[in-house]
Amino acid sequence: AGGNYTGICGRALFSVAFAPAERGARMIRIKNLSAGYFGKPVIEKVTMEFQPGKVTVLTGPNGSGKSTLLKAALGLLPAMEGEVLYGETDICLLKRRQIARKAAFLTQSRNTPSIRALQMVLHGRFPYLSYPRYYGREDYEIARGAMDTTGSRQHENTNITQLSGGQRQGVYLAMALAQDTRTIFMDEPTTYLDISHQFRLMETAKSLAREGKAVVLVLHDISLALREADVIAVFQDGRLLCCDTPEIVYQKGVMEEVFGVGIHRMDTPHGIQYYCTPKEV
């Protein structure tokens, strides 16, 4: 699903489809990592970790390095310096399937093949199968369970070309969940989604975190990030400026400085809500 990429140490990796989790796998940590394209770093000396049981949001202006960090964390981009650790093991020492069993990736852009939704979700089982790929009963059960989680089960026999953008996103997310990994990376998953689908996706992310998974999302929606995240990492020009709870990030004013807006909050019957205004001159 989605083709192959050459990652750290020159190995090919699946772009979207990953295998089931290795139980007991520990968190992914990034240490002093620099990575980029054509010999030019996009992120520089980033150190952070993705904690199980928490929703971590990466935010910052366009081109600040958020998507680059995700790809480097998955081994889809080579590290220019620093390291990516899966538990205590450097990613360069892991085989393709070992990486695949630990982390799934919901990419920002995808091709839309003309296949049934259930068949698309089953692609998430690819690295778990030997060639030729024959799906077993367990694979179908896991795939349908993932579709139940994302609310896309009713579309399992529908060609995904006939689904709306929000419905397709539910199918793609189900494909990632069918991989049953301990860490899930999502690159701008709310793009092109209407507000109801944004709420549904964020509730799914929080539900996965409650199950003990590390959920990592790239988001541009400041209000959504402050309201829903457990941890917010703010990037600018390839540097990690701040990584902390939404309350601390808000109090520091780092997002106001980075985005050039005023950020305000108010108590409502539905909890604290955040909103943005043009920055006062």
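Residues numbered from 1 in each chain as written. Predicted model: local features only at pLDDT ≥ 70, side-chain atom pairs only at ≥ 80, totals over all residues. Heavy atoms only, no water.

1. Some details on the pairing of strand S14 (residues 271–278)
Now for step 1: Pairing between strand S13 (residues 261–268) and S14: eight bridges, direction antiparallel. Following the sheet pairing, His264 is matched in S14 by Tyr275.
Now for step 2: In sequence, S13 turns back onto S14 through a hairpin of two residues. (Pairing = 2+ DSSP bridges. Helix = DSSP H or I, 4+ residues; strand = E, 2+ residues; numbered from the N terminus.)

2. Regarding the sheet that holds strand S11 (residues 231–236)
Now for step 1: Read across the open sheet, the six strands follow the order S8-S9-S10-S5-S11-S12; overall the sheet is mixed. Edge strands, defined here as strands with exactly one partner in the open sheet, are strand S8 (103–106) and strand S12 (239–244). Neighbouring strand axes in the sheet, compared pairwise and without regard to direction, differ in orientation by 15° on average.
Now for step 2: Judged from the four bridges that link them, strand S5 (residues 55–59) and strand S10 (residues 214–218) form a sheet pairing that is parallel. Residue pairing across strands places Val57 opposite Leu217, the latter belonging to S10.
Now for step 3: Taken strand by strand, helix H5 (residues 165–177) contacts S8 and strand S9 (183–187), and its axis lies near 165° from that of S8.
Now for step 4: On the sheet, helix H6 (residues 195–210) packs against S5, S9 and S10 and is oriented at approximately 150° with respect to S10. (Axes fitted to C-alpha atoms, helices over the stretch in contact; angles between N-to-C directions. Contact = heavy atoms within 4.5 Å.)

3. Things to note about the environment of Glu256
Now for step 1: Inspection of the secondary structure puts Glu256 in helix H9 (residues 254–259).
Now for step 2: Each C-alpha atom, one on Glu256 and one on Thr150, is 33 Å from the other, the two residues being 106 residues apart in sequence.
Now for step 3: Among residues more than four places away in sequence, those in contact with Glu256 are Val261, Gly262, Ile263 and Lys279.

4. With respect to the environment of Met48
Now for step 1: Summarising the element assignment, Met48 is placed in strand S4 (residues 40–50).
Now for step 2: Measuring from C-alpha to C-alpha, the distance between Met48 and His220 comes to 19 Å, with 172 residues separating the pair along the chain.
Now for step 3: Among all residues touching Met48, those that are not within four sequence positions of it are Arg29, Ile30, Thr56, Leu58, Leu69, Ala233, Phe235, Leu240 and Cys243.

5. Let's talk about the nonpolar core
Now for step 1: If you look at the biggest cluster of nonpolar residues, it comprises 49 residues, and the most contacted ones within it are Met186, Val215, Leu217, Ile232 and Met255.
Now for step 2: No other element matches the six residues that H5 contributes to this core.
Now for step 3: Non-local contacts of Leu217, meaning those with residues more than four positions away in its chain, are made with Val55, Thr56, Val57, Leu58, Met186, Pro189, Leu201, Met202 and Ala205.
Now for step 4: In this structure, Val46, Phe50, Ala73 and Leu76 belong to the second largest nonpolar core, which totals 28 residues. (Core = buried A, V, L, I, M, F, W, Y, C linked by side-chain atoms within 4.5 Å. Buried < 20%, exposed > 50% of the residue type's maximum accessible area, 1.4 Å probe, protein only.)

6. Concerning the pattern of salt bridges
Now for step 1: One pass over the structure, following the stated rule, counts 14 salt bridges.
Now for step 2: Here Glu156 makes a salt bridge to Arg144, at a shortest N to O gap of 3.2 Å. You can see Glu156 sitting in the loop between helix H4 (137–149) and H5 and its partner Arg144 sitting in helix H4, a full twelve residues away along the chain.
Now for step 3: Assessed through its relative accessible area of 11%, Glu156 is described here as buried.
Now for step 4: When its relative accessible area of 25% is taken as the criterion, Arg144 is described as partly exposed.
Now for step 5: For Arg153, the salt bridge identified is with Asp148, shortest N-O distance 3.3 Å.
Now for step 6: By relative accessible area, Arg153 is classed as partly exposed at 31%.
Now for step 7: Salt bridges sharing partners connect three or more residues here, namely Glu203, Lys206, Arg210, Arg227 and Glu228. (Salt bridge = Lys/Arg side-chain N within 4 Å of Asp/Glu carboxyl O.)

Scope: geometric values only; no functional claims are made or implied.
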